[in-house]
Amino acid sequence: MPVKVPERLFALYGFMLTHERPVPRQRIRDSIDAYRSIGSDSAFERTFERDKAALRHLGMKIAAIQDYGETLYRIERENLWLGREEFTPAERLTLGIAARLWSDPNYANDAERAVRRLGYGEQDADGAVALTHVTPRLSGGGGHLETILGALAHGSEVSFSYRSAHSLDTSRRRFRPWGVGQRFDHWYVSGWDADRQALRNFRLSRMTSMSVRESSLPGAPEDFSMQSVLEGISESPAPVVVLRCTVGAAPVILDWSESGTGLRLQEAFPETDSVTRIVEAAVDVPDVLEFVRCLAELGSGVEFSVPEGQELDEDSVRREVDRTIQRAVDLQGRVSAAVTDRDTEIIEPKRGRNRESNDRRFVRLVDLASYVGSNPGCAIRDISRHLHVSAAQVRQDIDALANASDEILGGAYLRVTAYDDEVFVELPEELGRALNLSPDQTIRLLLAIQLLGQVSPDHARTVEEISRKLVSGANGAGVSSDQLSIRLEPQIAKTVDALRAAADGGRMVEIDYRSRGQTAPSERRVRPHDVYSRGNTWYLEAESPAHAEIRTYRIEAIRGLRVVEAAEDDVVPAQRESRPEPARTLVWVAADAEPLAEALGGEILGHAAVPGSAGDVETPQSGLVIEIDVIDWFSLYRLMLHHAGSMALWRARPWTTQWYESAKARGIDVAGSW
């Protein structure tokens, strides 16, 4: 039976641990059967280098020592195993909560495995009431965040193409990350810029074409603080633009301003001209590309002008708006043609297949050996509960562990046996010790802990102590908690905390809330049930006694909040509104638009490839087909235009006519957009 990668990694790990003195490469090859069976020297070299890189990625320091012209290898044991820092029950509970704060399931699963290895168990989950009424989520940020976190953890440098906030062009940059943080619902990275020879900050959403390599650039100084970096990000001056539109478009502009990514109103929206029904407003443009994407949602339905003295090329913006709309139309054409001609099919996701990475399964084999070594004769169900995997998976892992032991020549010191579901091992002391967290796991937990401290001030002291313990026991992460920061804007943090307190006490609140499609807020009296975030948006789920139902409100649209002492019968129920049932539709989302797919929610039906763009017809574009609920089609069309080239309806009929009709019904003329 051919050996699998996790088993080969475990064999290499076990062999090197049981040899305190440095070992030559040839002896490693001769002692591990998986290496002996590799025919050529070059193939062995490639495999051995990959395996060393995998172990180093997990934080293991593999030293290469030159001895009379021969290279010897040794695993350094400092910080290799979990430290002696013990977490209190309150700290374990807080870690368990933090592990669930990542919205990306891969990050969440990895973080939960990490906290279980730190001692969190089912007995701690019984007390998990601290955040009953608030469910924050850290958006994974796609592959860019994973790349940056890995570079930060391992002291690597990153090369990438970058677009500044006030430009539509990109330039190539090279730098070493010093810190990572989130503010304004965006991820930022700060570090040493090799070309500028200075500290620079970059927003991950503006970075493309990343590559990583080892670095000799300087690392972060001891006094570096990512929190201080994030506090200074808002100071960059933004160009001013004047918008002119019909009153029907005003609510859409308010939506843009509330999200704050493309534009921000300088003052309250002006009164509508009763004769012309036209409004004008001056706005700041914090990001010109996001501004373009916003304008594309309404096309010719919004006019703009750039006052003299502002460093913004009006003609370039107009051309990019036109190109953005055209990209959305072109993508829909390609998707519709594929559906009509049946040139593509939806490939259902393979269910039940184990997709975990090799290094994660290797770590679980180490954990299995450690647990069974400390609990001889333990039952399969005990191991299953401890590792938080199925009994069937435990049996597979036991077979893999036995197979790995057979890989080591003379591996009698590592034996695995099972009798009637009771498992025994014979192994040296080194293999019976729990492996430390990987650098990536440490950083992800530190970021989740930071968010927890932002939404729950009651946890502040516990969060600080947990961060200290995680850093002190870090396995080669090479970072301090000061290099990581999550900052909610003060108004959002204050609102979330007030709503959480009201929900905990079962109290009602009055909110001044602006609904989509309205320019002015109205007063609502509701009883908060839950506060949660999805993607980059925070929501309040609350009971509306006036409508006798549970409703959802965007926290960014809450203009005022007051806690009230009101009895149930103080609220006069209104005539319950007859709300239409949401429609169901299929959308196609490009494979590289992970945050968009996450924000849409819905059910992923499978993968589908559509013909490439006009300039690259030979290369199909891969994406996900997702079934979603649609309450407002006009909002869906806006979303498709905002994310032009990344999203389309999975149907033969185009949507441009419906976009025009739905905009016209709101008093917005988009007919001149083509």
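Residues numbered from 1 in each chain as written. Predicted model: local features only at pLDDT ≥ 70, side-chain atom pairs only at ≥ 80, totals over all residues. Heavy atoms only, no water.

Colleague: Explain the pattern of salt bridges residue by residue, including any values.
Modeller: Per the stated rule, a full pass over the model turns up 45 salt bridges. The salt bridge partner of Lys52 is Glu49, with a shortest N-O separation of 3.1 Å. Taken together, the residues span about one helical turn, with Lys52 and Glu49 both in helix H4 (residues 41-57) at a distance of 3 residues. Classification of Lys52 by relative accessible area gives buried; the value is 6%. Among the salt bridges present, the one from Arg584 reaches Asp629, with a minimum N-O distance of 2.6 Å. Of this pair, Arg584 sits in strand E23 (residues 583-590) while Asp629 sits in strand E25 (residues 621-630), and the two are 45 residues apart along the sequence. The structure contains a network of salt bridges with shared partners spanning Asp255, Glu258, Glu297, Arg514, Arg554, Glu556, Arg559 and Arg638. (Salt bridge = Lys/Arg side-chain N within 4 Å of Asp/Glu carboxyl O. Helix = DSSP H or I, 4+ residues; strand = E, 2+ residues; numbered from the N terminus. Buried < 20%, exposed > 50% of the residue type's maximum accessible area, 1.4 Å probe, protein only.)

Colleague: Explain the packing of aromatic side chains to me, using residue names and the numbers behind them.
Modeller: Within this structure, the stated rule accounts for 19 aromatic pairs. Measuring from centroid to centroid gives 5.8 Å for Trp178 and Phe224, while their planes differ by 80°, and the two rings are edge-to-face. A residue pair is termed long-range when its members are at least 10 positions apart, and Trp178 in strand E6 (residues 170-183) and Phe224 in the loop between strand E9 (207-213) and helix H9 (226-232) qualify at 46 residues. The burial state of Trp178 is the same as that of Phe224; both residues are buried. Ring-pair connections join several aromatic residues into one group, and the members of that group are Tyr35, Phe44, Phe48 and Tyr73. (Phe/Tyr/Trp six-rings, centres within 6.5 Å; stacked < 30°, edge-to-face > 60°.)

Colleague: Can you explain the packing of helix H13 (residues 358-374) against helix H14 (residues 380-387)? Please cite residues and give values.
Modeller: Put simply, H13 and H14 touch, their axes get as near as 11 Å, and they point 130° apart. Considered as vectors, H13 and H14 are oriented oblique to each other. Considering the relative orientation of H13 and H14, their crossing is right-handed. Contact with H13, carried on its side by Arg364, Asp367, Leu368, Tyr371 and Val372, involves Asp382, Ile383, His386 and Leu387 of H14 and no other residues of that element. Partitioning the contact of H13 with H14 into residue classes produces 5 nonpolar, 1 polar and 3 charged. (Axes fitted to C-alpha atoms, helices over the stretch in contact; angles between N-to-C directions. Parallel < 35°, antiparallel > 145°, perpendicular 65-115°, else oblique. Left-handed = near helix turned anticlockwise from the far one by under 90°. Contact = heavy atoms within 4.5 Å. Nonpolar A, V, L, I, M, F, W, Y, C, P; charged D, E, K, R; others polar.)

Colleague: Can you tell me about the packing of helix H5 (residues 89-98) against helix H16 (residues 439-455), naming the residues and giving the values?
Modeller: H16 packs onto H5 with a crossing angle of 100° between their chain directions and a minimal axis gap of 9 Å. Relative to H16, the element H5 is oriented roughly perpendicular. Along its contact with H5, which presents Thr94, Leu95, Ile97 and Ala98, the element H16 presents Leu445, Ala448, Ile449 and Leu452. Within the contact of H5 with H16, the residues separate by chemical class into 7 nonpolar, 1 polar and no charged.

Colleague: Can you tell me about the sheet that holds E23, naming the residues and giving the values?
Modeller: Strands sit in the order E24-E25-E23-E26 across an open sheet of 4 strands; the sheet is antiparallel. In this open sheet, the two strands that pair with only one neighbour each are strand E24 (603-610) and strand E26 (647-649). Between one strand axis and the next, the sheet turns through 30° on average, direction left out of account. The pairing of E24 with E25 spans 7 bridges and is antiparallel. Across the sheet, the residue bridging to Val610 is Gln621, located in E25. Taken strand by strand, helix H12 (residues 314-341) contacts E23, E24, E25 and E26, and its axis lies near 50° from that of E26. Contacts from helix H20 (residues 633-642) reach E23, E25 and E26, with the element oriented near 140° to E26. (Pairing = 2+ DSSP bridges.)

Colleague: I'd like to hear about the environment of Leu624, residue by residue, with values.
Modeller: Looking at where Leu624 falls in the secondary structure, it is placed in strand E25. Linking Leu624 and Ala608, residues 16 residues apart in sequence, is a C-alpha distance of 6.1 Å. Apart from the residues within four sequence positions on either side, Leu624 is in contact with Val587, Trp588, Val589, Ala597, Ile604, Gly606 and His607.

Colleague: Explain the environment of Ser156 residue by residue, including any values.
Modeller: Mapped onto the elements of the fold, Ser156 is located in the loop between helix H8 (142-154) and strand E5 (157-163). Spatially, the C-alpha atoms of Ser156 and Glu214 are 4.8 Å apart, while their sequence positions differ by 58 residues. Residues contacting Ser156, with those up to four places away along its chain left out, are Ala151, Arg176, Pro177, Val212, Arg213 and Ser215.

Colleague: Quick one: what's the story with the side chain of Arg92, residue by residue and with numbers?
Modeller: Relative to the helices and strands, Arg92 is located in helix H5. Arg92 sits in the buried class, given a relative accessible area of 18%. A distance of 3.1 Å separates the side chain of Arg92 from the backbone oxygen of Phe87, its partner in a polar contact. (Polar contact = N/O pair within 3.5 Å; in protein donor to acceptor, adjacent residues only side chain to side chain.)

Colleague: Run through unusual backbone geometry, naming residues and quoting values.
Modeller: Positive phi is not limited to glycine here, since Ser209 has a value of about 50°. Counting through the fold element by element, Ser209 comes out in strand E9. Even without a glycine there, the phi angle at Ala548 is positive, about 55°. Position of Ala548 relative to the elements: it lies in the loop between strand E20 (537-544) and strand E21 (549-554).

Colleague: Residues and numbers for the pairing of E20, please.
Modeller: Here 7 bridges tie strand E19 (residues 522-534) to E20, and the two strands are oriented antiparallel to one another. Pairing of Pro528 across the sheet is with Ala542, part of E20. As consecutive antiparallel partners, E20 and E21 are separated by 4 residues, and within that stretch Ala548 has a phi angle of approximately 55°, a positive value.

Colleague: Describe the confidence of the model for the protein, with residues and values.
Modeller: Model confidence for the protein is summarised by a mean pLDDT of 83, while 89% of its residues fall at 70 or above. Contacts of residues 568-576 to residues separated by more than four positions or lying in other chains number 15 contacts, the stretch itself having pLDDT below 50. (pLDDT = per-residue confidence, 0-100.)

Colleague: Break down the side chain of Arg334 for me, citing the residues and quoting the values.
Modeller: Here Arg334 is to be found in helix H12. Engagement of the side chain of Arg334 in a polar contact is seen with the backbone oxygen of Pro611, the distance being 2.7 Å. Aside from chain neighbours lying at most four places away, what touches Arg334 is Val610, Pro611, Gly612, Ser613 and Gln621.

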